[in-house]
Amino acid sequence: IGGITRLTHSGLSMVEWNMIVGSKPPMNDADWQIPFDKYKLTPEYQQVNYHFTLEEFKSIYWWEYIHRFLGRLIGIIFLVPFIYFWIKKKLDRPLFKKLLLILILGGFQGVLGWYMVKSGLNKEPRVSHYRLAAHLISAFTVFGFTFWTALGLVYNKVAVEAGTPENAGQKKLKKLSIVFFCVVVLQIIYGAFVAGLKAGYLCPTWPKMCDEWIHDSVFVLHPTWKNFVEGQAGVQFIHRYIAYIVALMVVLIYYRSLHMPNRTLLQKRIVMALVIIVSCQFVLGVLTLLYSVPVLLGVLHQTGAFVLFTASLLLIYHFRN
């Protein structure tokens, strides 16, 4: 939903942020006119969507409303059972601390979302790509920590202690899986940069960028380093080539796993799943670029990043334990 909100340019339609107030959507024309009038005061309306009718405004407002409503719903789904199990003393101290941290991270994610939106309500009708990346990585962090905690509950300590001793091959794969995860996170950050700077619309060709391996527009900003964090072409260039690194690394992980003694069936399946996920994500990335980021492909590509992030965590967990 966050990806759809971004790709449909709906994120700046709600100009106020309230944790509780604002949960109820507009119910009639009079209710709709209030947020529409507030939207008319924003740079996005005045510079981009000045031709919008009330009906057109509704089409973007609903996506942002659903996005925020879903955030609140996730918070309730987590908070109510958490309080219940805490009162019933069903949580040991280590698990309580982990769950409390997840709760804090989830609340911070909401605050960070508003901090991102706020950057597009002042002078320019676009949010900061740095804040967009922070908001996305914060969401992945909340999920990642939740997933890691869940893995610790699913695979109990007895099963881990009964396992075979760690061998040299497993140690290498454990280190490689951690490096791979870091590269995946970096690629996700650059995916957010591409989205925030609308760099995906530039040079919709592959494998070359507008018939060049390194397009001239990659080096238009000064100092040079700015091209790779603030330049459209430079950011797309980095995003393209990190994708190649991810693909090569997963091939290396697959090769090393074949030669690892005492490899479990679950480890084998995780590595195979990772190969399939990276292959699909690579193809999705190319198609998203070639078709100039249609909403469907853009959302599927972001979803692929989420699945890859999950598989990377699962890989680390099972080669670590």
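Residues numbered from 1 in each chain as written. Predicted model: local features only at pLDDT ≥ 70, side-chain atom pairs only at ≥ 80, totals over all residues. Heavy atoms only, no water.

Comments concerning the environment of V295
Point 1. Here V295 is to be found in helix α11 (residues 295–320).
Point 2. Taking the C-alpha atoms as reference points, V295 and V127, separated by 168 residues in sequence, lie 19 Å from one another. (Helix = DSSP H or I, 4+ residues; strand = E, 2+ residues; numbered from the N terminus.)

A closer look at the packing of helix α2 (residues 29–39) against helix α4 (residues 54–87)
Point 1. It is the contact of α2 with α4, at a shortest axis distance of 10 Å, that shows an interaxial angle of 80°. Between α2 and α4, the angle falls in the class roughly perpendicular. Contacts between α2 and α4 pair D29, W32, Q33, P35, F36 and Y39 from the former with L54, F57, K58, I60, Y61 and W62 from the latter.
Point 2. A class-by-class count of the residues in the contact of α2 with α4 yields nine nonpolar, one polar and two charged. (Axes fitted to C-alpha atoms, helices over the stretch in contact; angles between N-to-C directions. Parallel < 35°, antiparallel > 145°, perpendicular 65-115°, else oblique. Contact = heavy atoms within 4.5 Å. Nonpolar A, V, L, I, M, F, W, Y, C, P; charged D, E, K, R; others polar.)

A short note on the nonpolar core
Point 1. Counting 41 residues, the largest nonpolar core has F180, I253, L274 and L308 as its most contacted members.
Point 2. Contributions of two or more residues to this core are made by α6 (129–154), α8 (168–196), α9 (232–258), α10 (265–290) and α11.
Point 3. For this core, the leading source of residues is α8, giving 12 residues.
Point 4. Listed in part, the 11 residues of the second largest apolar core include F36, Y39, L54 and Y61. (Core = buried A, V, L, I, M, F, W, Y, C linked by side-chain atoms within 4.5 Å. Buried < 20%, exposed > 50% of the residue type's maximum accessible area, 1.4 Å probe, protein only.)

Focus on the environment of R320
Point 1. One can find R320 in helix α11.
Point 2. Along the primary structure R320 and K175 are separated by 145 residues, whereas in three dimensions their C-alpha atoms are 8.8 Å apart.

Comments concerning the packing of aromatic side chains
Point 1. A full pass over the atoms with the stated rule returns 29 aromatic pairs.
Point 2. Both rings, one in W32 and one in W62, keep their centres 5.5 Å apart while their planes meet at 70°; by these two values the pair is edge-to-face. Of the two residues, W32 is situated in helix α2 and W62 in helix α4; the sequence distance between them amounts to 30 residues.
Point 3. Looking at W32, the relative accessible area reads 5%, which means it is buried. (Phe/Tyr/Trp six-rings, centres within 6.5 Å; stacked < 30°, edge-to-face > 60°.)

A few points about the confidence of the model for the chain
Point 1. With 94% of its residues at a pLDDT of 70 or more, the chain has an overall mean of 90.
Point 2. The least confident element of the chain is helix α7 (residues 157–161), whose mean pLDDT is 51; the most confident is α9, at 95. (pLDDT = per-residue confidence, 0-100.)

Observations concerning the side chain of T310
Point 1. Mapped onto the elements, T310 comes out in helix α11.
Point 2. At a separation of 2.9 Å, a polar atom in the side chain of T310 contacts the main-chain carbonyl oxygen of F306.
Point 3. Among residues more than four places away in sequence, those in contact with T310 are F143 and F147. (Polar contact = N/O pair within 3.5 Å; in protein donor to acceptor, adjacent residues only side chain to side chain.)

Section: the state of the cysteines
Point 1. What the rule picks out here adds up to one disulfide.
Point 2. The partner cysteine of C203 in its disulfide is C210, sulfur to sulfur 2.2 Å. A torsion of -115° about the S-S bond marks the disulfide between C203 and C210 as left-handed.
Point 3. According to the relative accessible area criterion, C203 is buried, its value standing at 5%.
Point 4. On the accessibility criterion, C210 (31% relative accessible area) is partly exposed. (Disulfide = S-S within 2.5 Å.)

Some words on the pattern of salt bridges
Point 1. Considering all chains together, one arrives at five salt bridges under this definition.
Point 2. For E16, the salt bridge identified is with K38, shortest N-O distance 2.8 Å. A residue pair is termed long-range when its members are at least 10 positions apart, and E16 in the loop between α1 (2–7) and α2 and K38 in helix α2 qualify at 22 residues.
Point 3. In this structure, E55 engages K58 in a salt bridge whose closest nitrogen and oxygen atoms are separated by 3.2 Å. In this pair, E55 and K58 are both assigned in helix α4, three residues apart and thus about one turn of the helix distant.
Point 4. By relative accessible area, K58 is classed as buried at 14%.
Point 5. Salt bridges sharing partners connect three or more residues here, namely D29, E55 and K58. (Salt bridge = Lys/Arg side-chain N within 4 Å of Asp/Glu carboxyl O.)

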